[in-house]
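Take a look at the letters that make up each chain.
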Amino acid sequence: MPAPVVIVSDVLPGDSIAALRSVCDVRHVDGRDRPALFAALPDADALIVRSGTRVDAEVLDRAPGLRVVARAGVGLDNVDTDTARARGITVLNAPDSNTVSVAELTVALIVSSVRHLTAGMRSLANGEWRRAELTGVELAGRTLGIVGYGRVGRQVARRLAAFDMHILVHDPYADTLGDDVHPTGLDELLTASDVVTLHLPKTPRTAGLIGARELSLMKPTAHLVNAARGGIVDETALHRALRDGRLAGAALDVFATEPPGTSPLLALPNVVAVPHLGASTHDAQLRAGQEVVRKVLAELTPVAVPAPTAV
Ligand SMILES: NC(=O)c1ccc[n+]([C@@H]2O[C@H](COP(=O)([O-])OP(=O)(O)OC[C@H]3O[C@@H](n4cnc5c(N)ncnc54)[C@H](O)[C@@H]3O)[C@@H](O)[C@H]2O)c1
Ligand SMILES: O=C(O)CC[C@@H](O)C(=O)O
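Residues numbered from 1 in each chain as written. Chains lettered and ligands numbered in written order. Predicted model: local features only at pLDDT ≥ 70, side-chain atom pairs only at ≥ 80, totals over all residues. Heavy atoms only, no water.

Looking at an unreviewed UniProt entry, the protein chain carries the name Hydroxyacid dehydrogenase, with the source organism given as Streptomyces doebereineriae. In its Sequence similarities (unreviewed entry) section, UniProt records this for the protein chain: "Belongs to the D-isomer specific 2-hydroxyacid dehydrogenase family." (UniProt positions renumbered as here; feature names shortened; annotations may be inferred.)

Here it is, written out as C-alpha cells:
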C-alpha cells in the first residue's frame, strides 16, 4: 500500500515532524500560494497547517481523499470545521502547545504598552531623546481585565498577579474561576480596568465583540491588548479611539487581515504591534508539531486492536 500523503503547508520545525517522514509521504507547500496548495491537494490524506493557510470549502473540494486537517496550534478559525466534519474529515489541533508562549508575549505587550516602548524606540531611531513625554504608569495596584479565562487567560492571570495587579475576569462559559480573580460582566470589566487583555476564540458570536460602544466604556488612560484574534476588535473604531485620545494605548499581536499591510493602526505612536508572534517560540512550535504529528499518525495508521481471545 502506498504511504499516506501528508501536506504540510506552513512552517514547522523539522525535528517536530521527523516521526511523520518514516511512515508518510510528506510534501511541503506554501499554504498562502493557493494554486500551489490546490495542485498538492488531490493526493492528500492529511493536511497540517498553522494560521497561514485558509482551509475553506474550496480547499476541501480539491482534496477528495482528505481524512485529517490538523492545526499546529489552538485557533481553528482558519478552518471551515463544519464543512470538514460534514464530509467525515477529522479536524484536530494542539491546544496546550503554545499557552505559555502566548501568556509570556502578553506580559511583554502589556509592559510595552504602558511604558511606551514602541514610541521610545521610534524616537531614539529618529535621533530624539524624549523622556518626559514617554512617562508611563506602574502595573502594581492597577486593574487587569481578562476577557476569556481558558488556558491562556489563566496563565496571564498568574503572571500579572505577580505584578500585584488586581484581576477581573469575564468568561460566561468558564466552569471555575478560582478565589484570586473576580468574575465580572463585560461592560463592568471594560469600565473598571486599566489594562484589558483578550484571550477568547474568534467565532461568529465574538467577531466585533469590542466595538465603538465597548471602547467608549474604557478609561481614556486604559490600554487594550489583543493576542487572541484580530476580528474580535473593530479596528476602525480602535483606530479612532487611539487617535482621538479616548484610549491611551493598544498592543496587538493579531489583525483582522494578516498581514495587515498599511493598516493605519501601525502608524500610531500609541500602538505596539507585532506580526502574530504569540506562538512563535521554538518551544511552542516543537510541541505543536509533535502533538499534531502524534495525532495525525493515530488517525492515518490506527493500531490494529487484537480480537478478544475466548476464555
Ligand atoms: N496569538 C497567538 O499566537 C495565539 C496562540 C494561541 C491562541 N491564540 C488565540 O487565543 C485564544 C484563546 O486560547 P486558549 O488556549 O486560552 O483557548 P481556551 O479555549 O482555553 O480559552 C478560551 C476561553 O474563552 C472563553 N470565551 C468564549 N467566548 C467568550 C466570550 N464571548 N466572552 C468571554 N470569554 C469567552 C471560553 O469559555 C474559554 O474559557 C484562541 O482561541 C486563539 O484564537 C492566539
Ligand atoms: O500558527 C501560529 O503560529 C499561530 C498560532 C495561534 O494563533 C494559535 O491559535 O494557536
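> So what about the UniProt feature "domain: D-isomer specific 2-hydroxyacid dehydrogenase NAD-binding" (unreviewed entry) in the protein chain? Which residues, and what values?
According to UniProt, the "domain: D-isomer specific 2-hydroxyacid dehydrogenase NAD-binding" (unreviewed entry) feature falls on residues 107-278. For residues 107-278, the end-to-end C-alpha separation is 11 Å, with 29% helix and 16% strand making up the annotated structure. (Helix = DSSP H or I, 4+ residues; strand = E, 2+ residues; numbered from the N terminus.)

> Quick one: what's the story with the site of ligand 1, residue by residue and with numbers?
What surrounds ligand 1 is a group of 24 residues, the closest being Arg-151, Val-152, Asp-171, Ala-227 and Asp-253. Within the backbone of Val-152, a nitrogen or oxygen atom sits 2.8 Å from an oxygen atom of ligand 1. Contact distances for ligand 1 include 2.8 Å between a nitrogen atom and a side-chain N or O atom of Asp-253. For ligand 1, whose unbound accessible area comes to 860 Å², protein coverage reaches 87%. Within the shell around ligand 1, the residues separate by chemical class into 12 nonpolar, 8 polar and 4 charged. (Near = heavy atom within 4 Å. Polar contact = N/O pair within 3.5 Å; in protein donor to acceptor, adjacent residues only side chain to side chain. Areas by Shrake-Rupley, 256 points an atom, 1.4 Å probe, with all protein chains shown as cover. Nonpolar A, V, L, I, M, F, W, Y, C, P; charged D, E, K, R; others polar.)

> Go over helix H6 (residues 117-125) with me, naming the residues and quoting the values.
By the burial criterion, the buried members of H6 are Thr-118, Ala-119, Gly-120 and Ser-123. Looking at the packing, one finds that the buried side of H6 touches strand S12 (271-273). Of the residues one or two after H6, Gly-127 is the one with positive phi, at around 80 degrees. (Buried < 20%, exposed > 50% of the residue type's maximum accessible area, 1.4 Å probe, protein only. Contact = heavy atoms within 4.5 Å.)

> How would you summarise the domain arrangement of the protein chain if you had to cite specific residues and measurements?
According to the domain assignment, the protein chain consists of domain 1 (5-97 + 282-300) and domain 2 (99-273). Facing the 10 residues of domain 1 at the interface are 7 residues of domain 2. Together, the buried faces of domain 1 and domain 2 total about 610 Å²; carbon and sulfur atoms form 34% of this surface. Contact with domain 2 buries surface across domain 1, with Asp-77, Pro-95 and Asp-96 losing the most and accounting together for 50% of the total. At the junction of domain 1 with domain 2, the criterion picks out 1 salt bridge. A salt bridge links Asp-77 to Arg-229; the nearest nitrogen and oxygen atoms lie 2.9 Å apart. Where domain 1 meets domain 2, there are 2 residue pairs in polar contact (both at pLDDT 80 or more). Of the residues in the side of domain 1 that touches domain 2, the class split is 3 nonpolar, 2 polar and 5 charged. (Domains from an automatic or database assignment. Buried area = accessible area lost by both parts, 1.4 Å probe. Salt bridge = Lys/Arg side-chain N within 4 Å of Asp/Glu carboxyl O.)

> Tell me about the UniProt feature "domain: D-isomer specific 2-hydroxyacid dehydrogenase catalytic" (unreviewed entry) in the protein chain, and name the residues and values.
The positions UniProt marks with the feature "domain: D-isomer specific 2-hydroxyacid dehydrogenase catalytic" (unreviewed entry) are residues 7-298. In the segment residues 7-298, helix accounts for 33% and strand for 15%; the C-alpha atoms at its two ends are 16 Å apart.

> Summarise the pattern of salt bridges; cite the residues concerned and give the values.
Taken as a whole and assessed by the stated rule, the structure comprises 16 salt bridges. Residue Arg-34 is joined to Asp-56 by a salt bridge in which the shortest nitrogen-to-oxygen separation is 2.9 Å. One end of the pair, Arg-34, is in helix H2 (residues 34-40); the other, Asp-56, is in the loop between strand S3 (46-49) and helix H3 (57-61), and 22 residues separate them in sequence. Accessibility classification places Arg-34 together with Asp-56 in one group, the buried group. Here Glu-214 makes a salt bridge to Arg-213, at a shortest N to O gap of 3.3 Å. A relative accessible area of 45% means that Arg-213 is categorised as partly exposed. Taken together, the shared-partner salt bridges connect Arg-34, Arg-54, Asp-56, Glu-58 and Arg-62 into one network.

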